[in-house]
Amino acid sequence: MKRIIIGIFLILFAIIGPMELKASADQMMAFLPKAGEMGDWKPKGEPQYVEGEDLFHLINGGAEVYHEYGFKQAVTVSYENGSQSFNLELYQMNNPQSAYGIYTFKTGENGTPVQTGDAALLEDYYLNVRKGSFLITVIGFDSKPETLKTLREAATVTAGKIKEKGADPEILYLLPTEFKDQIIKVTYLKGNLALYNSYEFDTKDLFALKEGVYVQYRQFRLLMFKYDDASESNRKFQEAADVLSTSSRFANFKRTGNTISMTDKKSHSVSMENYKRYIITVITEPGSTTDRAAAHASVIKELGKYSF
Amino acid sequence: MGNKISRRTFLKTGTAFGVGSVIGGSVIPDLAAVVENPREVTDLAIVNGENYFENTMKAVRMLGGIGRFNVKGAKVAVLVNSSFSNPGTIVNPDIAIAVIKMCFDAGAREVTGIPNTGERYWNRSSLAEKYGKELEELRSAGPYIKVKIPGGTALKEAEVAKGLLDCDVFINIPIAKNHAGTHYTGVLKNMMGACPYSTNSYFHMGKDGKAAKAYEDVDFLSQCIADLNLLRKPDLCVVDATEFITTNGPFGPGKLKKLHNIVAGTDRVLVDAYCCTFLGLEAKNVAMITMARQHQLGSTDVDAAKIKRA
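Peer 1: Could you give an account of the overall build of chain A, with specific residues and numbers?
Peer 2: Of the regular secondary structure elements, chain A holds 8 helices and 14 strands. Along the first, second and third principal axes, the C-alpha atoms of chain A reach 65 × 60 × 35 Å. The proportion of buried residues among the 308 residues of chain A is 39%. Counting only contacts in chain A whose residues sit at least 6 apart along the sequence, the fraction spanning at least 24 positions is 55%.

Right, here's the structure in full:
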């Protein structure tokens, strides 16, 4: 009897497992613009669907950063209207915060905000949109006005089908309010790869970063790394400081207790501090009118308002 | 005056040329070039302009011509970065077509395209129809063969396309662009295009071979790339530095930089050391370039290089 029950479970699992998978793939396909929804544009060829580690087959080394942020599945498809074409990529991340993260990684400082989804930015010949746990990327092959208009339309149609709501990572609420009007760009970090592409301390994962934020203000830059508790952040801080103290990438290294300061190869002034379960780094440009120490102190003061 | 050479010089040069041919991957200019310019060696040829097909041919001529690379009667493999579709992420097919045409015109016995590239790529070029015959004659890359990598630090073995292992002449044709993992991808990293997913995913998984949690061990990836390049030296590198992404590489979409440059050379490390500067980088800060130099695969001394521009 026991064997029969186990057998039934295995059979059910074998049926339901793939069915769940197919439902997810079908749902992804359902979000894509269909023939007739965008004038004379229609899908060209079959969409390509991948999930999990198979994203590598689709975008090779580009897959790593998606996995770092937390990737679930993706579908890509080309559209044509007889004379032109564009590509649409739809990525589902693990959650809205992951989608926020990959969106901030992929978008630049410039570009034109577009009113669609939770946030959208049009840059040159492509448009990124985040909606819920999804990232939509629409790519044209030129920057002509009619092409950009098509990209907006495709993004709006796709985002309109996604009902899930977005959510910002909680760490953003810890950013100092004093400088909020000076923000140029925020990049949410979920690992060393995103950090390495934001500010390069080292090729190695010095900080064992799991969550953080990189903010570019008009006069300085801020990095905030979050850990499970203060002892973990202190340990990572000390380990990183040991490496940075002898790194050829930095000069004028000074260390006092739980703070360090140094200069990078581009003569940026860098200060780093372990504060409770955070590692805070402030970077100022040479000749900046902002006093780095003052900016650093403001960030710490702001964090001090929160109990954690 | 200037062009006449002595019999002794002629014999010396001819012998050296013959020895170079036997060794393969000739580093000696063809005889005509030697006779005309006995002291001139070009390390890097850079051609600027928007006629990428013609400029590719010009760049190779500036190195001494395709004949320098013993293409006549040879099995040639061309490794072309052609897998993606977003602007600035793949080699402009006009460049690859120019190289393939030069090889056939020079009497190549066969030309293999790696990876296997279909019409979708070639049809992006307005020249695809005109050179359709040459493209149709391209051989398949063949199956992947597992090979050991003697001297590999992180990579001890790899699966590599048979077409690369079998060829007499190897021409590496990458695009210089941004890469999230290594910051730059060019000649050295393009070798991954000759390997399957099973090999390439190992490069990305880090030292412990664990999936999912640690993306990415840049040093490990860079060392694997340097190690992979121990397998086979390209006889010629032709780099697409015409229009390329400077962010969100390798797949894009990203910010496009349009320099309209074709860069050709025979020292893959030198070529990458030069081309990474297009991304605002210095070779000493690109780990795979320094690791390749440590393997003695080439030089990073761009200042000492003989550079010809057109």
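So that's the structure; there's more coming.
Peer 1: How would you sum up the interface of chain B and chain A? Please name residues and give values.
Peer 2: Listed per partner, the contact involves 24 residues of chain B and 26 residues of chain A. Elements supplying a minimum of two residues to the side of chain B that touches chain A: helix 9 (197-205) and helix 10 (218-228) of chain B. Among the elements that take part in the side of chain B that touches chain A, helix 9 of chain B stands out by supplying 3 residues, more than any other. Partitioned by chemical class, the residues of the side of chain B that touches chain A number 12 nonpolar, 9 polar and 3 charged.

Peer 1: Now, about the domain arrangement of chain A: what can you tell me, with residues and values included?
Peer 2: How large an interface is tends to be reported as the accessible area lost when its parts come together. Residue and element names in this part refer to chain A. Looking at the assigned domains, one finds that chain A contains domain 1 (29-161) and domain 2 (170-303). Here the C-alpha centroids of domain 1 and domain 2 sit 32 Å apart. The partner domain 2 presents 10 residues to the 10 residues of domain 1 that form the contact. Of all the secondary-structure elements, those providing two or more residues to the side of domain 1 that touches domain 2 are helix 3 (63-69) and helix 4 (96-106). When the residues that make up the side of domain 1 that touches domain 2 are grouped by side-chain class, the tally is 4 nonpolar, 3 polar and 3 charged.

Peer 1: Lay out unusual backbone geometry with the relevant residues and their values.
Peer 2: That bond from Ile114(B) to Pro115(B) is cis: its omega, -10°, falls within 30 degrees of zero. You can see Pro115(B) is positioned in the loop between strand 3 (110-114) and helix 5 (119-122). Each neighbour pair has its own omega, and for Gly252(B) with Pro253(B) the value is -5°, a cis peptide bond. The backbone of Ser267(A) shows a phi angle near 65°, a positive value even though the residue is not glycine. With respect to the element layout, Ser267(A) can be found in the loop between strand 12 (259-264) and strand 13 (269-275). Given 11 C-beta atoms within a 10 Å radius, Ser267(A) is considered exposed. The backbone phi angle of Lys276(A) is positive, close to 50°, even though this residue is not glycine. Mapping Lys276(A) onto the fold places it in the loop between strand 13 and strand 14 (278-284). The exposure class assigned to Lys276(A) is partly exposed, which follows from the 18 C-beta atoms found within 10 Å.

Rules used in this analysis
Residues numbered from 1 in each chain as written. Chains lettered and ligands numbered in written order. Predicted model: local features only at pLDDT ≥ 70, side-chain atom pairs only at ≥ 80, totals over all residues. Helix = DSSP H or I, 4+ residues; strand = E, 2+ residues; numbered from the N terminus. Buried ≥ 20, exposed ≤ 12 C-beta atoms within 10 Å, placed from the backbone. Contact = placed C-beta atoms within 7 Å. Nonpolar A, V, L, I, M, F, W, Y, C, P; charged D, E, K, R; others polar. Domains from an automatic or database assignment.

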